[in-house]
Amino acid sequence: MNTNTFKQAAPGAGFDKSVPVLISFAPNWKARMILFRVLGAFMVVSAFSMWLMPGSVMGTDVWPIKLAASLMFLIAGVSLLTIEFLDTRPDAYFDPIRREVRILQKNEDGRPQTVLRRSYDSLGGARFDEGQVELFDVDGSLLMKLPLESTDVSRALKGQLSQNVPIFA
């Protein structure tokens, strides 16, 4: 049996200290897109089905109203089917190699660009609460409050920051 494969990892090379952490501020856009697409498809089908339903043969005085309603449903439904969201909310990227936090925001082309770059040494401290982390400036003022997706992200971020930034209780 080869026991060389069961060696312990080198100290300081743990998973928590070497993985960059990206925290996103984005809401659940996928659920919104699905909801808008379903609503748009329903409106397009409704625009055509109002002409096929029984009782659609009515007097000529109702036809302009029915035509306007079906055109409105068709235009609104197609616009809901083709809508795209460009999320301009920033992302916080914690880089363990450069030991800095970068705030990235998408520009008009959809490409991320750095709007804030702070070294871990220039941060005054961090406080980890349930589901969020608060980063403080050197003077004690709140720099940013970030939501944390899971306990794994919180643990990884705490492992990164604990070497360079004071962690408050």
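Above: the structure in question.
All values derive from a computational prediction rather than experimental measurement.

1. Observations regarding the overall build of the protein
- Each helix and strand in the protein was counted, giving 4 helices and 8 strands.
- Along the protein, from the amino end to the carboxyl end, the secondary structure elements read α-β-α-α-β-β-β-β-β-β-α-β.
- Taken over 169 residues, the protein has a buried fraction of 27%.
- Long-range pairs, those at least 24 residues apart, make up 53% of the contacts in the protein between residues at least 6 apart in sequence.

2. Focus on the environment of Asp-129
- Its location among the elements puts Asp-129 in strand β5 (residues 125-129).
- Overall, the relative accessible area of 35% leaves Asp-129 in the partly exposed class.
- Taking the C-alpha atoms as reference points, Asp-129 and Ser-154, separated by 25 residues in sequence, lie 9.4 Å from one another.

3. Let's talk about the nonpolar core
- Among the nonpolar cores identified, the biggest contains 17 residues, and Phe-94, Val-133, Leu-135 and Leu-161 are the most heavily contacted of them.
- If you list the elements that add at least two residues to this core, you get β2 (91-95), β3 (100-106), β5, β6 (132-136), β7 (142-147) and α4 (151-161).
- Ranked by residue count, the leading element in this core is α4, at 3 residues.

4. Concerning a nonpolar patch on the surface
- Taken together, the side chains of Leu-67, Leu-71 and Ile-75 present a nonpolar region at the surface, about 290 Å² in accessible area.
- Overall, Leu-71 belongs to the partly exposed group, its relative accessible area being 43%.

5. Focus on the packing of aromatic side chains
- The full count for this structure, using the stated rule, is 2 aromatic pairs.
- Positioned above the aromatic ring of Trp-51, the side-chain terminus of Lys-66 is 4.8 Å from the ring centre.

6. With respect to the pattern of salt bridges
- Under the counting rule described, the total for this entry stands at 9 salt bridges.
- The closest approach of N and O atoms between Arg-117 and Glu-100, which form a salt bridge, is 3.4 Å. Here Arg-117, found in strand β4 (residues 112-119), pairs with Glu-100, found in strand β3; they are 17 residues apart in sequence, far enough to count as distant.
- Using a relative accessible area of 10% as the deciding quantity, one classes Glu-100 as buried.

Analysis parameters
Residues numbered from 1 in each chain as written. Predicted model: local features only at pLDDT ≥ 70, side-chain atom pairs only at ≥ 80, totals over all residues. Heavy atoms only, no water. Helix = DSSP H or I, 4+ residues; strand = E, 2+ residues; numbered from the N terminus. Buried < 20%, exposed > 50% of the residue type's maximum accessible area, 1.4 Å probe, protein only. Contact = heavy atoms within 4.5 Å. Core = buried A, V, L, I, M, F, W, Y, C linked by side-chain atoms within 4.5 Å. Patch = residues over 30% accessible without salt bridge, like charges linked within 9 Å, V, L, I, M, F, W, Y side chains within 5 Å. Areas by Shrake-Rupley, 256 points an atom, 1.4 Å probe, with all protein chains shown as cover. Salt bridge = Lys/Arg side-chain N within 4 Å of Asp/Glu carboxyl O. Phe/Tyr/Trp six-rings, centres within 6.5 Å; stacked < 30°, edge-to-face > 60°. Lys NZ or Arg CZ within 6 Å of the ring centre and 35° of its normal.

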